[in-house]
Amino acid sequence: MLTRAALALMWLLRLLPLPALAAIGNGLGSLLYAFGRARRRVCLINLAHCMPELAAAERNALARRHFRAFARAFLERAILWWGSPERIRKLVRIEGMEHFEAVRGGPLILLAPHFVSLDMGGMRLSLECDMVSIYSKQKNRVFDAVLFAVRGRFGQQTLLSRQQGVRPALRAMLAGRPFYYLPDMDYGPREAIFVPFFGAEAATITAVSRLARTAKARVLPCITRMLPRGGGYVLRIFPAWEDYPGASVEADTRRMNAFIEEQVRQMPEQYLWVHKRFKTRPPGEPSWY
């Protein structure tokens, strides 16, 4: 759990150069892999189902790389929390800003899947525009307070708790604020359908399709990649999806999962494998975890 002492340590870590932070993060990730039995188990179960073509030793190596990337991204958040706008701009480079500018002003969903660096991309974009986003309240009150405060550091950001639902986000979108949305976690069966993800049925919320239909919003995927050896991050903004929404909510949701899977295969160690993405199973199917 994040204590005040840990926060003080994070505050000091922000002073380090990126290569040093990366080295510390890699070391911490190796320790988390060795001693974090519960999350290591979740990660390996996910990889076994999603990448059965890999040998067990290859999946173990991938899991170790994931824990290192996860820990590194967490420690480097210290720059987001206390760094200057100038340092954050240097930390995260944007590619494809022209795609954002092409549709800016109208209803817009920025589709941000759960890669370990998604907070880097979100904070970087907050320097460019006022957005609306939804966050999950954390059990740790200190961590929850920090996250809420730092996500609104710049501009006039609108932060909504998941308990508030998507209606306030819809109103903000219609008023011209891009919606930075993270739609690829297992939130249970409510408002979700089962669609394939790496060949496995995954309970997936349909809000991207439904919001795009209701608000006539464009959807721009935003993927943030961690660069090796303390090289910072690259936020890639893709062109707005054409012919979206499509024939049905189910087809739209399948398209979203297929896109995320394609991106995961390009940097598999950076996807959030420690999340129980397949916690909700179809009726009659036993739990994977």
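Note on numbering: residues in each chain are counted from 1, in written sequence order. Local features in a predicted model are, by the rule used here, given only for residues with pLDDT of at least 70; side-chain atom pairs are given and counted only at 80 or more, and totals for whole chains, interfaces and linings are based on all residues. Derived side-chain values reflect all non-hydrogen atoms in the structure, with water molecules and hydrogen atoms excluded from consideration.

*Asks:* Which residues make up the state of the cysteines, and what are the values?
*Replies:* Disulfide: a pair of cysteine sulfur atoms within 2.5 Å of each other. Scanning all chains against the criterion turns up 0 disulfides. Just so you know, C50 is unpaired, no disulfide at all, and the nearest cysteine sulfur is the one on C43, 10 Å from it.

*Asks:* How would you summarise the packing of aromatic side chains if you had to cite specific residues and measurements?
*Replies:* A ring pair, where both rings are aromatic, is described by two values, the distance of the centres and the angle of the planes. For this analysis, a ring pair means two rings from Phe, Tyr or Trp (six-membered ring only for Trp) whose centres lie within 6.5 Å, classed as stacked if their planes differ by under 30 degrees, edge-to-face if by over 60, and tilted for the remaining angles. Taken as a whole and judged by the stated rule, the model has 14 aromatic pairs. Here the aromatic rings of F115 and Y271 are separated by 5.4 Å at their centres, their planes lie at 70°, and the arrangement is edge-to-face. Of this pair, F115 sits in the loop between β2 (108-111) and α7 (118-126) while Y271 sits in the segment after α11 (249-266), placing them 156 residues apart in sequence. The rule is simple: take the accessible area with a 1.4 Å probe, protein chains only, and divide by the maximum for that residue type; under 20% is buried, over 50% is exposed, in between is partly exposed. You can call Y271 buried: its relative accessible area is 2%. Between F179 and Y181, the aromatic rings sit 4.6 Å apart at their centres with planes inclined by 25°, giving stacked as the arrangement. Judged by its relative accessible area of 0%, F179 is buried. The class of Y181 is buried, set by a relative accessible area of 3%. In this text, helices come from DSSP runs of H or I with a minimum length of four residues, and strands from runs of E with a minimum of two, each type numbered from the N-terminal end.

*Asks:* How would you summarise the pattern of salt bridges if you had to cite specific residues and measurements?
*Replies:* By salt bridge we mean one thing: a side-chain nitrogen of Lys or Arg within 4 Å of a carboxyl oxygen of Asp or Glu. All told, the structure shown has 13 salt bridges when counted by the stated rule. Measuring nitrogen to oxygen at the nearest pair gives 2.8 Å for the salt bridge that ties R72 to E76. Of this pair, R72 and E76 are both found in helix α4 (residues 56-82), 4 residues apart, which corresponds to roughly one turn of the helix. For the pair formed by R72 and E76, the shared burial category is buried. The shortest N-O distance in the salt bridge between R265 and E261 comes to 3.2 Å. With R265 and E261 both in helix α11, this residue pair falls 4 residues apart, about one helical turn. The class for E261 is buried, based on a relative accessible area of 19%. Salt bridges sharing common partners tie together E53, E261 and R265.

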